[in-house]
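# Understanding the architecture of this molecule
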Amino acid sequence: MTATGDPKEIPLAPSRILVVDDEPDIRANLKDILADMGYDVDTAANGDDALALVSGKAYDVALLDLKMPGMDGLELYRRIKKIHSATIVIIVTAYTGGDTARAAMAAGAWEIISKPLDFSQLLPLIEKALAQPTIILVDDDADLCDNLWSILHDRRYRVGVAHDIAQAEALINERDFNVALIDMKLPGGSGSDLLKTIKARRPDARSILITGHRFEVDGAVGAALQKGADAVCYKPLDMDTLLSKVRDLTRSH
């Protein structure tokens, strides 16, 4: 484990929202309204400034203008997704029917909303996005993570991805979540180690263990289940079974 000492439960923090738009009035208005609602709001005028913020802070929702000088909203979203895959992106554009807008949705943007902004539409949309169940997926198989991210995202889950213990601990520290999907064998430690950290820092979260080594780690899986893991799924994954377990655990959470 990379952490030292006894891990402590992490208190909930206000939801973080990033507003990226090259129009100063839109940035200012959105910041004022969202801050009055209790959100932690940052703004950026372009993609480069936005990425500088994202590199140091995980946002729950990002409102991205589609058409901006330099980096457009689609490219910005693709880069944000690589840094914080659980950030929900809402594209703001006057061109909702364009090819770029459709490409943004295909890339995984959560919703598109048209300009001029209708706040009676936008604010409930943000609340709905934040209410979606959140999952953290911890596995060193990048292809598996990409596949699971797409499957779960299509079912309206928010999914944060980590490939080793250090990345997983950063995810646990930065956001609350409903369910953790944890590979039993990880660079830098084991799924059992990570489960202990989750139980200490996010005691309400549920967990599903994932392993492709049914016989080799049966003892470890059994011990982890006794210590609070909620379920186990074996590779190759049966998606219907996994999705059923995720659905049940997010509801119980």
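In case you missed it, the structure is sitting above this.
Anyway, here's the lowdown on the structure attached to this text. (Residues numbered from 1 in each chain as written. Predicted model: local features only at pLDDT ≥ 70, side-chain atom pairs only at ≥ 80, totals over all residues. Heavy atoms only, no water.)

A few words now on the sheet that holds strand S4 (residues 88–93). Reading across from one edge, S2-S1-S3-S4-S5 is the order of the five strands in this open sheet, with parallel pairing throughout. A single partner strand is all that each edge strand has here, and the edge strands are strand S2 (40–44) and strand S5 (111–114). Averaged over all pairs of adjacent strands, the angle between their axes in this sheet comes to 20°, without regard to strand direction. As judged from the four bridges shared by strand S1 (residues 16–20) and strand S3 (residues 61–65), these two strands associate in the parallel manner. Among the inter-strand pairings, Leu18 is bridged to a residue of S3, identified as Ala62. Packing against the sheet, helix H1 (residues 24–36) makes contact with S1, S2 and S3, and its axis sits at approximately 175° to S2. (Pairing = 2+ DSSP bridges. Helix = DSSP H or I, 4+ residues; strand = E, 2+ residues; numbered from the N terminus. Axes fitted to C-alpha atoms, helices over the stretch in contact; angles between N-to-C directions. Contact = heavy atoms within 4.5 Å.)

Glancing now at the pattern of salt bridges. One pass over the full model with this rule turns up 13 salt bridges. Note that Lys57 is salt-bridged to Asp40, the shortest N-O span being 3.2 Å. In this pair, Lys57 sits in the loop between helix H2 (47–56) and S3 while Asp40 sits in strand S2, placing the two residues 17 residues apart along the sequence. With relative accessibility at 28%, the residue Asp40 sits in the partly exposed group. Arg175 is the salt-bridge partner of Glu174, the closest N and O atoms lying 4.0 Å from each other. By relative accessible area, which is 26% here, Glu174 ends up partly exposed. (Salt bridge = Lys/Arg side-chain N within 4 Å of Asp/Glu carboxyl O. Buried < 20%, exposed > 50% of the residue type's maximum accessible area, 1.4 Å probe, protein only.)

Glancing now at the nonpolar core. By size, the foremost hydrophobic cluster in this structure holds 44 residues, and its most contacted members are Val20, Leu64, Leu76, Ile91, Leu181, Ile208 and Leu242. The element that contributes the greatest number of residues to this core is helix H6 (residues 142–154), accounting for six residues. Aside from chain neighbours lying at most four places away, what touches Leu242 is Leu148, Leu181, Ile208, Cys233 and Leu237. (Core = buried A, V, L, I, M, F, W, Y, C linked by side-chain atoms within 4.5 Å.)

On to the packing of H2 against helix H3 (residues 73–83), then. A pair of packed helices can be characterised by two numbers: the angle between their axes and the separation between those axes. Orientation of H2 relative to H3, taken along the N-to-C sense of each, is 10°, at an axis distance of 10 Å. Between H2 and H3, the angle falls in the class roughly parallel. Every residue of H3 that contacts H2 at Gly47, Ala50, Leu51, Val54 and Ser55 is listed here: Leu76, Arg79, Ile80 and Ile83. (Parallel < 35°, antiparallel > 145°, perpendicular 65-115°, else oblique.)

Before going further, it helps to spend a moment on the packing of H3 against helix H4 (residues 99–107). Look at H3 against H4: their axes get within 10 Å of each other, and the N-to-C directions meet at 10°. Taken together, the axes of H3 and H4 lie roughly parallel to each other. Touching Leu74, Tyr77 and Lys81 of H3 are Thr100, Ala103, Ala104 and Ala107, all from H4. Class assignment of the residues belonging to the contact of H3 with H4 gives a composition of five nonpolar, one polar and one charged. (Nonpolar A, V, L, I, M, F, W, Y, C, P; charged D, E, K, R; others polar.)

Attention now goes to the environment of Ala223. Position of Ala223 among the secondary structure elements: in helix H9 (residues 218–226). Looking at Ala223, the relative accessible area reads 29%, which means it is partly exposed.

A few words now on the sheet that holds strand S6 (residues 134–138). Spatial ordering of the open sheet is given by S7-S6-S8-S11-S12, a layout of five strands whose pairing is parallel. Edge strands, defined here as strands with exactly one partner in the open sheet, are strand S7 (158–162) and strand S12 (231–234). Geometrically, the sheet is characterised by an average inter-axis angle of 20° between neighbouring strands, direction not taken into account. Relative to strand S8 (residues 179–183), S6 runs parallel, the two being bridged by four bridges. Each bridged residue has a counterpart across the sheet, and for Ile135 the counterpart in S8 is Val179. Packed on one face of the sheet, H6 meets S6, S7 and S8 and runs near 170° to S7.

Between its first and last C-alpha, H1 extends 18 Å over 13 residues, near the 18 Å set by a 1.5 Å rise per residue. Every buried residue belonging to H1 is among Ile26, Arg27, Leu30 and Leu34, and all of these are buried. For H1, the buried positions fall inside an angular range of 95° around the axis, keeping them on one side. In H1, the exposed positions that point more than 90 degrees away from the buried face belong to Pro24, Asp25 and Asp36. Looking one or two places after H1, you find Gly38, whose phi comes out positive at around 100°. (Expected span 1.5 Å × (residues − 1). Arc of directions from axis to C-beta.)

By themselves these figures say nothing about function.
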